[in-house]
Amino acid sequence: DVKVTQSSRYLVKRTGEKVFLECVQDMDHENMFWYRQDPGLGLRLIYFSYDVKMKEKGDIPEGYSVSREKKERFSLILESASTNQTSMYLCASTTTPTLELFFGEGSRLTVL
Amino acid sequence: EDQVTQSPEALRLQEGESSSLNCSYTVSGLRGLFWYRQDPGKGPEFLFTLYSAGEEKEKERLKATLTKKESFLHITAPKPEDSATYLCAVRLDSNYQLIWGAGTKLIIKP
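My aim in this report is to walk through the structure given alongside it, one point at a time. Counting restarts for each chain: residues are numbered from 1 in the order of the written sequence. Both sets of labels track the order of writing: A upward for chains, 1 upward for ligands. Since the coordinates come from a predicted model, pLDDT governs what is reported: local features require at least 70, and pairs of side-chain atoms require 80 or more to be given and counted, while whole-chain, interface and lining totals use all residues. Processing note: side-chain calculations cover all non-hydrogen atoms of the structure and skip hydrogens and water entirely.

Residues and elements named next belong to chain A. Overall, antiparallel pairing links the four strands, which are arranged S1-S3-S8-S7 in an open sheet. A single partner strand is all that each edge strand has here, and the edge strands are strand S1 (4-6) and strand S7 (65-70). For this sheet the average axis-to-axis angle between neighbouring strands, irrespective of direction, equals 20°. Pairing of S7 with strand S8 (residues 73-78) involves four bridges; the strand directions are antiparallel. The pairing criterion is simple: DSSP has to find at least two bridges between the two strands. Under the DSSP-based scheme used, a helix requires at least four consecutive residues in state H or I and a strand at least two consecutive residues in state E, with every element numbered from the N terminus. In this analysis an axis means a line fitted to C-alpha atoms, helices contributing only their contacting stretch, and an angle means the value between N-to-C directions, from 0 to 180 degrees.

Now the structure itself:
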């Protein structure tokens, strides 16, 4: 089975702190994604990557950056966390963008 | 504007009471419609992909159908373990990104 592992399930940070969210997949997928999930809204794409060192902005990239140095690892970085970035963050991967996504269990971030 | 709307927001059923969840879409070109299940505190888990009007897919007590404007997720004789939030997403012709609905929270009472 495909496994997508997110490093932190729950984080509490202060406004202005730098935050790293890490995601690792074990199925050699080329494509990896970071989504944000908020109540009453559909999943919103922050960034995706279709290859090592490649990245594309999604719908809401402002305030975020990403890093993909190795195929299996995709990191989301909040350079200076703000309270409006309190959310559930979901990482996903797939071998082909037209096929289904495999999600991690999510990282719930609270920014105080 | 491309849009995906799920209804109802929440649905409470008794065990064994069959019903349907709706996912309606207004998009410029459909390349696929996906259904996912999400348990509390977990990431979404893939259920079905539908590609063209008239297509149907089944898995245990769930059946997904697709028309040119909407998709239904029919649940037959549900059990408490079917309680979850069900998400639908649409992939457009123009790119590889998905447009997601906000989900339907399904609660099955024993």
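So, about the sheet that holds strand S3 (residues 19-26) of chain B. Residue and element names in this part refer to chain B. With antiparallel pairing, five strands are arranged side by side in an open sheet as S1-S3-S8-S7-S6. Edge positions in the open sheet fall to strand S1 (3-7) and strand S6 (56-59), since each of these has one partner strand only. Averaged over neighbouring strand pairs, the angle between their axes works out to 15° when direction is ignored. Bridge count for strand S7 (residues 62-66) against strand S8 (residues 70-75) is five bridges, and the pairing is antiparallel. Bridge pairing links Ala-64 to Leu-73 in S8.

A few words on the side chain of Gln-38 of chain B. Position of Gln-38 of chain B among the secondary structure elements: in strand S4 (residues 30-38). Polar contacts here mean pairs of N or O atoms no more than 3.5 Å apart (in protein, one a potential hydrogen donor and the other a potential acceptor; neighbouring residues in sequence count only if both atoms are side-chain atoms). Within the local environment of Gln-38 of chain B, its side chain forms a polar contact with the side chain of Gln-37 of chain A, the two groups lying 2.8 Å apart. Within the structure, Gln-38 of chain B has its side chain in polar contact with the backbone oxygen of Lys-42 of chain B (distance 2.8 Å). Look past the residues within four positions of Gln-38 of chain B in its chain and what remains in contact with it is Gln-37 and Leu-90 of chain A together with Gly-43, Pro-44, Ala-84, Thr-85 and Leu-87 of chain B. Throughout, a residue-residue contact means that at least one pair of heavy atoms, one from each residue, lies within 4.5 Å.

What follows concerns the interface of chain A and chain B. Contacts between the two partners involve 21 residues from chain A, matched on the other side by 18 residues from chain B. Summed over both partners, the accessible area lost on bringing two parts together, with a 1.4 Å probe, is the buried area. Both faces considered, chain A and chain B share a buried interface measuring about 1600 Å² in area, 56% of it formed by carbon and sulfur atoms. If you sort the residues of chain A by the area they bury against chain B, Pro-97, Thr-98 and Glu-100 of chain A come out on top, with a joint share of 29%. Between Lys or Arg on one side and Asp or Glu on the other, a salt bridge is scored when a side-chain nitrogen of the former is within 4 Å of a carboxyl oxygen of the latter. Counting across the interface, chain A meets chain B through one salt bridge. Between Glu-105 of chain A and Lys-42 of chain B there is a salt bridge whose closest N-O contact spans 3.9 Å. The interface formed by chain A and chain B includes three residue pairs in polar contact (both at pLDDT 80 or more). For the side of chain A that touches chain B, the elements supplying multiple residues, two or more each, are strand S4 (31-37) and strand S5 (44-49) of chain A. Three residue categories are used. Nonpolar comprises Ala, Val, Leu, Ile, Met, Phe, Trp, Tyr, Cys and Pro, charged comprises Asp, Glu, Lys and Arg, and polar comprises the others, including Gly. Residues belonging to the side of chain A that touches chain B are distributed by class as follows: 10 nonpolar, six polar and five charged.

Residues and elements named next belong to chain B. A large share of S4 lies buried, amounting to seven of its nine residues. The sheet contact formed by S4 and strand S9 (residues 84-92) spans eight bridges and is antiparallel. Residue Gly-32 lies in a different strand from S9, and its bridge partner there is Arg-91. Counting the residues that bridge the hairpin from S4 to strand S5 (residues 45-50) gives six residues, and of these Gly-41 lies at a positive phi of roughly 75°. Partly exposed residues are those whose accessible area sits between 20% and 50% of the maximum for their type, while under 20% is buried and over 50% is exposed, using a 1.4 Å probe and protein chains only.

On to the side chain of Arg-91 of chain B, then. You can see Arg-91 of chain B is positioned in strand S9. The contacts of Arg-91 of chain B, once residues within four sequence positions are left out, are Pro-97, Thr-98 and Leu-99 of chain A together with Gly-29, Leu-30, Arg-31, Gly-32, Phe-34, Tyr-96, Gln-97 and Leu-98 of chain B.

Here the focus is the nonpolar core. The term nonpolar core refers to a set of buried residues drawn from Ala, Val, Leu, Ile, Met, Phe, Trp, Tyr and Cys, joined through side-chain atoms within 4.5 Å. Judged by nonpolar contacts, the single largest core of 23 residues is most densely connected at Leu-33, Trp-35, Phe-48, Leu-62, Leu-73, Tyr-86 and Leu-106 of chain B. For Leu-106 of chain B, the contacting residues outside a window of four places in its chain are Leu-11, Leu-13, Ile-75, Asp-82, Ser-83, Ala-84 and Tyr-86 of chain B. Counting 20 residues, the second largest nonpolar core, distinct from the first, contains Trp-34, Phe-74, Leu-109 and Val-111 of chain A.

Take it as geometry only, folks, not as evidence of what the structure does.
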